[in-house]
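As a plain string of letters, each chain reads:
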Amino acid sequence: MSKHPAAPNNTTDTGEALPSHLFRKAVEQAALAISITDARANILYANGAFQRITGYGQEEVIGHNESVLSYRVTPKLVYETLWAQIQRQRPWNGLLVNKRKDGSRYLADVTITPVVGEEGNTTHYLGMHRDVTEVHRLERQVQNQKTLIESVVDAAQVAIVLLDEQERVLLDNQEYKKLIGDLGKEPAVKLLAALRAQMGDAFTKAYDKHRNIAAREVSIDSRNRSTRWFSCAVSWFEEHAVGADAFYEPAHRHYLLLTIQDISELKRQQEALRINSLHALLSEQERIQGLRETLAGAVYQLEGPLNMLSAVANMMERRRDAGSDLPAASALEEAMQKSREVLETLRACIPDHNNEAMQSVDINEVLADVLKLTTANLLGAGIVVDWTPASGSAVISGHPAELSNLFKQLISNAIEAVNERRGAQRELRITCTSRADHIEIFVEDSGPGIAEELRYKVFQPFFTTKGASKKHLGLGLAMAQEIVTGHNGTIDIDPAYHAGCRVRVQLPFAAGVSHAQ
Ligand code: FAD
């Protein structure tokens, strides 16, 4: 704003003189409480607003010091600063606790301006103040609520973090800070990336439209490389811009509130429970398999002598036809009939394979589970395991428990073989590869291997290389072959492998089950 240098104080820029009573009227009618004091703060004039705010009439304050308004709780230092400032002929602005005529208190936002006379000394002071009690109350209330929210957020047992749209952290709590220690900087960004990878387009859509995302489980690797599981939920918060520009033209900013709950322990418990259930299921299957082996063995053993008896009976029958009367023949026939019935009863007692439904089975997962189940045995035997899962999809259509049993059998065989050799090399290598139309699994051990001539025999029921003294009936590989055949696959022993035994299993992808190379 330009000021005409030559224009006297009460003239306009056009030179027109403003009548001095106009100044008085303007002050008199101003909405601010205005007072004029002498150099010692004795009130000489107070306007209408001053009277309305303080409750004092003109005649009640004229001649009295401004201190009549003091409630005596404003610290002495404030007044000393006020006076030091105005005595240096500088305006002072600050908050004072004032008392009205009726004794009620209000918070005054006071500005005092020294009025300097012709000779350069302060002759008067101009005081202006307004009641800001309500503004202060609202400010405090907001502050209290902010403190309350921060304390609640900080005390929460879940990690909470507020991010702007550029994913910069604006606010976090103690639990979130702990995560920084475990996962490095910035856990929220890593978790959002994991959510994005897991949800794909659904995440992008929800993110772009500022839609909330209900709690989802994601996993990321911690600094010590262990996998940590988190349940993450995203909610959006819209803030109305507070700048002057946005006063008449409201603008909004979006903030992302991410709540993160560490569920690693829960996941570990669930996993332990799952492995225990699998263990129980496979043990039960093993028990049934043992029963099948025993009964099948008994039937097999009984069939031999019964066949011999059958031959004798035939012989006797022929003699009877030739005229000799053999009373023992009918007794033998009766005994054999009974024996056949007993054999049939035994056969009927052989338990069936359980009728597990065909479903999608991830061979990588099956192998990982079986390795978990056999960890104690592998560690106990000091065997080093080299496990390479298929990089593409390893999902086939099959019976999960049967397939688990198959690989458990092959791994148990491998452990026994390595234990038999007692060599320096104690290794088990399992490799799973996705081929064009099937999955190929190699189970290699550094045991003594299987002689070339026995490569096919070992798959025959009751064939064992372990000798009769050991508790093997020789049905393990026969059972393995039965399972593989049931899945339209093949199992064989690599004749070219001489560092131990290498069993190859090939399982086709069933039609309709999608897979990627
Ligand atoms: P006081 O004894 O009056 O003063 C406390 C301290 O202030 C002293 O120790 C001294 O350092 C300083 N002081 C006081 N008077 C003088 C002086 N004449 N010269 C130098 N230093 C001095 N106070 C309010 O509480 N509410 C108001 O709304 C208010 N408005 C004011 C408006 C104007 C224009 C002026 C000039 C002052 C105003 N004051 C106001 C200040 C007021 O005059 C008192 O200084 C204050 O109220 C403290 O009073 P007291 O009796 O508690 O202590």
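Residues numbered from 1 in each chain as written. Predicted model: local features only at pLDDT ≥ 70, side-chain atom pairs only at ≥ 80, totals over all residues. Heavy atoms only, no water.

Trainee: What exactly am I supposed to notice about the overall build of the protein chain here?
Mentor: For the protein chain, the count of helices and strands is 14 helices and 17 strands. A globule of 517 residues ought to have a C-alpha radius of gyration of about 24 Å, yet the protein chain, at 47 Å, is considerably larger. When its C-alpha atoms are laid out on the principal axes, the protein chain stretches across 165 × 45 × 45 Å. Taking the contacts inside the protein chain whose residues are at least 6 apart along the sequence as the reference set, 56% of them involve residues at least 24 apart. Working note: accessible area of the protein chain is about 31,000 Å², and carbon and sulfur atoms make up 54% of it. Charge-centre separation for the protein chain: the mean point of 56 positive side chains lies 5 Å from the mean point of 65 negative side chains. (Helix = DSSP H or I, 4+ residues; strand = E, 2+ residues; numbered from the N terminus. Rg over C-alpha atoms; globule rule 2.2 N^0.38 Å. Contact = heavy atoms within 4.5 Å. Areas by Shrake-Rupley, 256 points an atom, 1.4 Å probe, with all protein chains shown as cover. Lys, Arg positive; Asp, Glu negative; His and termini not counted. Charge placed at Lys NZ, Arg CZ, Asp CG, Glu CD.)

Trainee: Can you walk me through the sheet that holds strand 15 (residues 438-445) in this structure?
Mentor: Read from one edge to the other, the open sheet built from five strands follows the order 12-14-15-17-16, with strand pairing classed as mixed. The strands lining the two open edges of the sheet, one partner per strand, are strand 12 (384-388) and strand 16 (490-493). Between one strand axis and the next, the sheet turns by 10° as a mean value, whatever way the strands run. Pairing between strand 14 (residues 427-434) and strand 15: seven bridges, direction antiparallel. Across the sheet, residue Thr431 finds its bridge partner in strand 15, namely Phe442. In the packing of helix 13 (residues 400-421) onto the sheet, the strands contacted are strand 14, strand 15, strand 16 and strand 17 (501-508), and the crossing angle to strand 17 comes to about 170°. (Pairing = 2+ DSSP bridges. Axes fitted to C-alpha atoms, helices over the stretch in contact; angles between N-to-C directions.)

Trainee: Looking at this model, I keep getting lost on the packing of aromatic side chains. Mind explaining?
Mentor: What describes a pair of aromatic rings is the distance from one ring centre to the other and the angle between the planes of the rings. With the rule as written, the count across this model stands at five aromatic pairs. With centroids separated by 5.7 Å and ring planes inclined at 85°, the aromatic side chains of Trp83 and Tyr125 adopt a geometry described as edge-to-face. Taken as a pair, Trp83 in helix 4 (residues 76-87) and Tyr125 in strand 5 (residues 122-131) lie far apart in primary sequence, 42 residues in all. The class of Trp83 is partly exposed, set by a relative accessible area of 28%. Tyr125 gets classed as buried once you look at its relative accessible area, which sits at 5%. In textbook terms, an aromatic cluster arises when at least three aromatic residues are bridged by ring pairs, as seen for Phe203, Tyr207 and Trp236. The ring of Trp229 carries the charged tip of Lys267 above its face, separated from the ring centre by 4.4 Å. Across from the ring centre of Phe442, 5.1 Å away, lies the NZ or CZ of Arg502, which sits over that ring. (Phe/Tyr/Trp six-rings, centres within 6.5 Å; stacked < 30°, edge-to-face > 60°. Buried < 20%, exposed > 50% of the residue type's maximum accessible area, 1.4 Å probe, protein only. Lys NZ or Arg CZ within 6 Å of the ring centre and 35° of its normal.)

Trainee: It is not clear to me how the packing of helix 11 (residues 363-373) against helix 13 should be interpreted in this structure. Could you clarify?
Mentor: Close contact between helix 11 and helix 13 brings their axes to 9 Å; oriented N to C, the two are set at 50°. One element, helix 11, and the other, helix 13, form an angle in the oblique class. When the axes of helix 11 and helix 13 are compared, the crossing they make is right-handed. Between helix 11 and helix 13, the residues in contact are Ile363, Val366, Leu367, Val370 and Leu371 and Leu403, Ser404, Phe407, Lys408 and Ile411, respectively. A breakdown of the residues in the contact of helix 11 with helix 13 according to their chemical character gives eight nonpolar, one polar and one charged. (Parallel < 35°, antiparallel > 145°, perpendicular 65-115°, else oblique. Left-handed = near helix turned anticlockwise from the far one by under 90°. Nonpolar A, V, L, I, M, F, W, Y, C, P; charged D, E, K, R; others polar.)

Trainee: What am I meant to see in the site of the ligand here?
Mentor: With respect to spatial proximity, 19 residues lie near the ligand, and among them Arg72, Tyr79, Trp83, Gln87 and Asn98 are the closest. Protein chains shield 76% of the accessible area of the ligand, which is 910 Å² for the free molecule. Of all the elements in the fold, those that place two or more residues in the shell around the ligand are helix 4, strand 3 (92-99) and strand 5. With five residues, helix 4 is the largest single contributor of residues to the shell around the ligand. Across the shell around the ligand, the residue classes break down as seven nonpolar, seven polar and five charged. (Near = heavy atom within 4 Å.)

Trainee: So what exactly am I meant to see when it comes to the pattern of salt bridges here?
Mentor: For side chains bearing opposite charge, pairing can occur when the charged atoms are close. Scanning the entire structure with this criterion turns up 31 salt bridges. Where Glu482 meets Arg292, a salt bridge forms, and the shortest distance between an N and an O atom there is 3.9 Å. Placement of the pair is Glu482 in helix 14 (residues 476-486) and Arg292 in helix 9 (residues 264-321), with a sequence separation of 190 residues. Using a relative accessible area of 16% as the deciding quantity, one classes Arg292 as buried. Among the charged side chains, a network of salt bridges with common partners joins Asp386, Glu427, Arg429, Glu444, Asp494 and Arg502. (Salt bridge = Lys/Arg side-chain N within 4 Å of Asp/Glu carboxyl O.)

Trainee: Hey, could you run me through the sheet that holds strand 9 (residues 227-240) in this one?
Mentor: Consider a sheet: its strands pair through backbone hydrogen bonds, and that pairing is either parallel or antiparallel. Pairing is antiparallel in the open sheet, where five strands are placed in the order 7-6-10-9-8. Edge strands, defined here as strands with exactly one partner in the open sheet, are strand 7 (169-172) and strand 8 (213-221). Adjacent strand axes in the sheet meet at a mean angle of 30°, parallel and antiparallel pairs treated alike. Note that strand 6 (residues 159-163) and strand 10 (residues 252-262) share five bridges and pair antiparallel. Within strand 10, the residue paired with Val161 across the bridge is Leu258. Along the sheet, helix 7 (residues 187-199) makes contact with strand 6, strand 8, strand 9 and strand 10, crossing strand 8 at roughly 110°.

Trainee: Looking at this structure, how should I read the domain arrangement of the protein chain?
Mentor: Quoted interface sizes are often the accessible area lost when the parts come together. Here the protein chain is described as being made up of domain 1 (20-132), domain 2 (156-241 + 251-262), domain 3 (270-349) and domain 4 (359-508). Placing a centre on the C-alpha atoms of domain 1 and another on those of domain 3 gives a separation of 117 Å. (Domains from an automatic or database assignment.)

Trainee: Quick question: what am I supposed to make of a nonpolar patch on the surface here?
Mentor: A contiguous nonpolar patch, built from Leu18, Leu22 and Phe23 and spanning about 240 Å² of accessible area, is present on the exposed surface. Mapped onto the fold, Leu22 is located in helix 1 (residues 20-29). (Patch = residues over 30% accessible without salt bridge, like charges linked within 9 Å, V, L, I, M, F, W, Y side chains within 5 Å.)

Trainee: What is the right way to read the packing of helix 9 against helix 13 from this model?
Mentor: A pair of packed helices is captured by two measures, namely the crossing angle of their axes and the spacing between those axes. Two elements in contact, helix 9 and helix 13, have axes separated by 10 Å at closest approach and are oriented at 75°. Judged on the interaxial angle alone, helix 13 and helix 9 are roughly perpendicular. Counting all contacts with helix 9, which are made through Leu278, Leu281, Leu282, Gln285 and Glu286, the residues of helix 13 involved are Ala401, Glu402, Ser404, Asn405 and Lys408. Its residues assigned to classes, the contact of helix 9 with helix 13 comprises four nonpolar, three polar and three charged.

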